[in-house]
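# Summary of structural features
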Amino acid sequence: MPARVTIVHFADLHLDSGFAWAGAGGASARRRRQSLRDALGHIAGLARDVDADALFCGGDLYEHDRVTPDTARFLRGTFAELAPCSVYLAPGNHDWYGPDSLYALTDWSRNVHVFREPRLQPVRLGNGLTLWGAAHCAPASTRNFFEGFAAQGPGTHVALCHAAERSSLAEQGGAKQPHAPFDADDIERAGLAHAFLGHYHRPRDAARYTYPGNPDPLAFGEDGERGAVVATILGDGSITRERRAVATAPAHDLSLDVTGCASQQDVRDRLLRAAGGRRGVVRLTMQGELHPDVDLREDDLRRLLLESFDAVQIRSGALQAGYDLEEIGREQTVRGQFVRDVLEADLPEDETRRVLAAGLRALAGRTDLEAL
Amino acid sequence: MRFESVRAHPFGPFHDETISLAPGLNVVFGPNEAGKSTWHAALYAGLCGMRRGKGAASAEARRFRDRHRPWDAGGAWAVSAVVALEDGRRVELHQNLASKVDCNASDADLAGRDYTNEILYEGAPDGSRWLGLNRGSFLGAACVRQAQVLRLPDDADALQEDLQRAAATAGADQTAARALDLLADYRREHVGSAQAPTKPLRTSRERVSTSRSVLERAQRAQAEYLERRLELEQFERQAEAREQDAAVLRAASAGQDASHAEARAARAAELSARLRDGPPRATVAGSGRRPTPPYRAAAPYLAAAGTAAGIALALADFLVPGLVAAGLGLAFLAWWRLTTRRAEPPAPDAPTGTAAEEQRLLADFRAEAVRLREEAASLAEQVAPAALAAVREVSPERLAAAERRARTARDACHRARGQLEQIAADLPSVADAEDDLTAARQELGRIERLDRTLATAIEFLERAEERVHRDFAPVLRATLLEWLPRVTGGRYTDCKVDPESLQVDVRTGYGPWRRAGLLSHGTAEQIYLLLRLALARHLVAPGEVCPLILDDVVAACDVERKQVVLETLQAVGATSQVILFTHEEDVRAWARKRLEAPRDALSELPRPRRNQGGIRAVQ
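Note that the structure is predicted; figures quoted are calculated from it, not measured.

What counts and what doesn't
- Per-chain numbering applies: the sequence of each chain, read as written, is numbered from 1 onward.
- Lettering for chains starts from A, numbering for ligands starts from 1, and both go in the order in which the items are written.
- Per-residue local features are limited, in this predicted model, to residues with pLDDT of at least 70; the limit for side-chain atom pairs, both in listing and counting, is 80 or more; totals at the level of whole chains, interfaces and linings are taken over all residues.
- By convention in this description, side-chain values take in all heavy atoms of the structure and omit both hydrogens and water.
- Strands here are runs of E lasting at least two residues and helices are runs of H or I lasting at least four, both read from the DSSP assignment and numbered beginning at the N terminus.
- In what follows, residue pairs with any heavy atoms lying within 4.5 Å of each other are defined as contacts.
- Each salt bridge in this description consists of a side-chain nitrogen of Lys or Arg and a carboxyl oxygen of Asp or Glu lying within 4 Å of one another.
- Each residue's exposure class comes from its accessible area (1.4 Å probe, protein chains only) as a fraction of the maximum for that residue type: buried when under 20%, exposed when over 50%, partly exposed otherwise.
- By convention, a stacked pair of Phe, Tyr or Trp rings (six-membered ring in the case of Trp) has centres within 6.5 Å and planes under 30 degrees apart, an edge-to-face pair has planes over 60 apart, and any other such pair is tilted.
- Residue count minus one, scaled by 1.5 Å, sets the expected span of a helix.

Before going further, it helps to examine the side chain of S5 of chain B. When you line up the elements, S5 of chain B lands in strand β1 (residues 2-8). Those residues in contact with S5 of chain B that lie beyond four places of it in its chain are T18, I19, S20, S80, A81 and V82 of chain B.

This is the structure:
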């Protein structure tokens, strides 16, 4: 019977992150930051529940440029309470290790081990398992941790670090930078049974590596089963993995078709039905044909959604003004000429919609001239 | 296009009643409450139908429904119209206004030919689309209300404004100038200039600037905090090093003290052994021997005390005075012992008080040495053995200096920690500041976007207004020139229309220009009707002719002017259908005398019967 080690692995929590992306500011953003902490609380709870031997963090635990003393105390306390479960922290590019980093300046409890070198360093976990961990010591230009590395000694060797597997970079979106880039083959070549990683926010379970994904939402449109990974490492190096959701406030993508809504009230009712008691953060995409008489304003929708959600982002690019522009354009009037001219002008689509709405509303004598 | 007939089945108070219309001028006469407005509405509804779409009806549609729904038809509400188009087709439009389902347009001559899809607009067939209009713009282009004409005498700008409205929206909505005013007002109020301190553009820019400053301050504070935190770390390391130095010297000094104490104890024991015979014992009271004088009894104690004090002094780094004192004490004890032995030999087994005191002192010395050694060992445990071994000699001055340095470093550390805690307590959140700045930028972006939108809308609307007015002006002028000499009896023969404002001026020959809105009421009304005719001609699709539907437009004219206006309408009726609703007897009289079938017609509506809304249509 091979020896077993159970670990809980997470990464990319990004404590103290900004939430402007979600349209959150002030109290909403603070609530979102609190939910990140709550997620870590859930991860710690998970480690206790599964009686984990160790908790792994694959970097970007917090954001160096924004981290607060309170976060340092929170992390210290959370990890200290996990004792005797060991906690292994591998700094990433957002929480790089340096003399003025939270990692260096915090008086960690004895069960916490911070990897402080930009090359893989060993820690014996027992049961013949050796953990090799490394740290980013700068926000950029960290090289491949696995290049030229060979795990030494008997037993099973696994790694913990913040690194970008090259072939997965494209599916992670254009904004993702290849920090500490490596090829999947590097892991086996280095004599490692598995690498527990951070950096990619989209979860990925490969044969030799695991990206748990960001446990709490950091952007809209995130897909995949993300959270923390409970992994059991057997003596022969084989691994079983199970993903657990730990987010406290998920991000929702709602779509609202306003076609047929005769009043703002209709839109509100339809929106509340679409929201359906959800919580967290929401991105609302408006679409369909909005009747010209409906006085619909972004602020009104935002206020309505903020009654249920922490943060709201509204997109109205796909919304069509409910004017029969073809018909109006046939008129030999100023209105018809205006519509023809605007449609023929080389304006962006949403700008065209807003200009037409403003002009046609003004010609109708309306005073609500700011369109979605 | 011209109406041939309209049938109400049912519509308003009418049920299965029809009004037939001639191709030229139609005078529809009826006293008040005879149903003129209802037939007017039926004409419109029969041609254009009503919007059939999702959602609630507009306020205008609701008013129309409330006013013209049948009173007692069990929910049915329908109207049909037969119209003749310029292309020769005769079309019957059926509008089911209640359900809006059974609505269609079919050929009146060729059974089965359906034109519904040709003119569908907002879910229902709309015959005005053959005119290039729709049920919104048809009202503005083809229908002239009494109120519009009544305004002319009181408002010199009414004619021009009406033209502008027709030019802007076919009369359905606002003038372009009013729309531009609305846009400009909205821009002024919801954007404002960058100089206006209370307007959104300025305040949102200030908010961005303030938020940026707050963020910079937060970032500086964050950097300072991290710097101070690092500094504290250095202070702590320095204090720890100083404390280690002091601890090593403290341990070394304690070791030295222990060694001295051990040496002192050993020496005292040695001295005690050398003086093993000790001083004479005290005389026992009541033994029958001669009593000892007091000075002799106290002598050994004084000597012993002097000896002990001397040893103590010697051990306390006062070696010479100590040894002298101890020597004198011992000498005196020796003298005392010799003289006392000769007089009274002591009992063999009874220890004397001096010996006990000696043993107690020696025990104290040993205990003190042990205590100091233990203390030194304890202090030595706390320091590195190598560092301790490296210390040779510790003077009190050296130890004091090390203690001072450690204390200074510790104080600096405490100060730095206090300052750091103060900074931490007041440390603003960088993330909060970033979010606020982003929110401020988004708001500014929204306002700047709104500014661009409104500016663009204004620019396009101004351009459209200029172009349409420029196109309108010659059309209006041409129509006016065609009719003006005839309807004014040669009084005015020339006219001009300002392409910018659509202001109409007329003159006789080469006389001075006179603004049409300021002419006599009758002339102004004539010109207005001609201009409406011109607009109706201009707004409709090429090849079609728009009928004019007039609601009591001569009600306010005196007899003479009325005559002229009616003649004008009859002349207009030669080329396009004119339907004039009136309640005036003199108009009926004029019509009876002047209108001739089949080109023109008079339709007389009967007086309303009590308790019955139905009205018989006559031709």
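The next thing to look at is the pattern of salt bridges. According to the stated counting rule, one finds 63 salt bridges over all chains in the structure shown. Between D435 of chain B and R33 of chain A there is a salt bridge; the shortest N-O distance is 2.8 Å. With D435 of chain B in helix α13 (residues 430-487) and R33 of chain A in helix α1 (residues 26-49), the pair connects residues from two separate chains. With a relative accessible area of 2%, D435 of chain B lands in the buried category. Here R537 of chain B ties to E482 of chain B by a salt bridge, and the two come within 3.3 Å at their closest N and O atoms. Taken together, the positions of R537 of chain B in helix α14 (residues 521-539) and E482 of chain B in helix α13 put the pair 55 residues apart, joining distant regions of the chain. Taking the relative accessible area as the measure of exposure, R537 of chain B reaches 33% and is therefore partly exposed. Taken together, the salt bridges that share partners define one network made up of R30 and R33 of chain A together with D432 and D435 of chain B.

Okay, the packing of aromatic side chains next. Residues and elements named next belong to chain A. In the structure shown here, the tally under the stated rule is 18 aromatic pairs over all chains. Consider the rings of F79 and W108, whose centres lie 6.1 Å apart with planes at 35°: the pair is tilted. Here F79, found in helix α2 (residues 69-81), pairs with W108, found in the loop between α3 (102-105) and β4 (112-114); they are 29 residues apart in sequence, far enough to count as distant. What makes F79 buried here is its relative accessible area of 0%. Their ring planes at 70° and their centres at 5.1 Å tell us that F146 and F182 sit as a pair that is edge-to-face. Residue F146 is located in the loop between β6 (129-133) and β7 (156-162), and its partner F182 is located in strand β9 (residues 181-182); the two are separated by 36 residues in the primary sequence. Of the two residues, F146 and F182, both sit in the buried class.

This brings us to α14 of chain B. Helix length check: α14 of chain B, at 19 residues, gives a terminal C-alpha distance of 26 Å against a target of 27 Å (1.5 Å per residue), a fit within 8%. The buried fraction of α14 of chain B amounts to 17 of the 19 residues, a majority that puts the element mostly inside the structure.

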